[in-house]
Amino acid sequence: MKLYWVKTNKLIKTLFSKWIWDIPSTEKVVYLSFDDGPTPEVTTWVLEELKKHHFKATFFCIGDNIRKYPDIFKKIISEGHTIGNHTYNHLNGWKTSTQNYIDNTQLCQEIIDENRNYNSDSKIFRPPYGKIKTAQSRALLKLGYKIIMWDVLSADFDRNITEQECLKNVVMNLQPGSIIVFHDSIKAFEKLKYVLPATLQYLQDNNYEAKVL
């Protein structure tokens, strides 16, 4: 039994309208995003695939991974991609007190700011697992974060689906303005090696542009 939506329900988008689920557009543009990096075995490969197709993406990074792999983090930035906050320790908001969650997110933001070579007032955040309490959301919005969710979930993390099903999740559900989630993690890499090149080729063949958030 799947415990996730591949295509986010419109009612959910309406009920949680302060979060960004997509960016409606009349132009053929999508927003590729990658969660859980930087990861040496995966993120560098993702960057090469994006470069082949001249696409940009947004990487929601775990703070502790930035600490471990600062050079890969800086490579993401140097190649023109955008950075988002994914907490320092990949916390499940539903299982974490609000204060600890905010502190952990702020710790991640500090290491993001320390390791990038430019100043930015833009703070974007994606909750790990998509799980965040109302009080946590309210506090982060008050601190100036934009909470970025998604329109299409590739489910590259799901070991119970095939790589072909994973690709179908993306190409059958994307539309102009979709925010699409992949993972640059070891767990997802087996499917990502198949799904990402095929997705990028599909976007290119169908005249889509990929922009950063």
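Residues numbered from 1 in each chain as written. Predicted model: local features only at pLDDT ≥ 70, side-chain atom pairs only at ≥ 80, totals over all residues. Heavy atoms only, no water.

Participant: Please explain the pattern of salt bridges as it appears in this structure.
Facilitator: Opposite charge on two side chains allows them to pair when their charged atoms are near. In total, this model carries eleven salt bridges according to the counting rule given. A salt bridge links aspartate 64 to arginine 67; the shortest N-O distance between them is 2.8 Å. One end of the pair, aspartate 64, and the other, arginine 67, are both in helix 3 (residues 63–68), three residues apart, so they sit about a helical turn from each other. For arginine 67, a relative accessible area of 47% translates into the label partly exposed. The shortest N-O distance in the salt bridge between lysine 75 and glutamate 79 comes to 2.8 Å. Its relative accessible area of 26% is what places lysine 75 among the partly exposed residues. Through salt bridges with shared partners, a single network forms among Lys7, Lys13, Asp22 and Asp151. (Salt bridge = Lys/Arg side-chain N within 4 Å of Asp/Glu carboxyl O. Helix = DSSP H or I, 4+ residues; strand = E, 2+ residues; numbered from the N terminus. Buried < 20%, exposed > 50% of the residue type's maximum accessible area, 1.4 Å probe, protein only.)

Participant: Help me understand the environment of glycine 93, please; the structure alone is not making it clear to me.
Facilitator: Within the element layout of this structure, glycine 93 appears in the loop between strand 3 (82–85) and helix 5 (98–115). Assessed through its relative accessible area of 0%, glycine 93 is described here as buried. For the pair glycine 93 and methionine 149, spaced 56 residues apart in sequence, the C-alpha separation works out to 14 Å. What glycine 93 contacts, discounting residues up to four positions off in sequence, is Tyr101, Lys131, Ile132, Lys133 and Gln136. (Contact = heavy atoms within 4.5 Å.)

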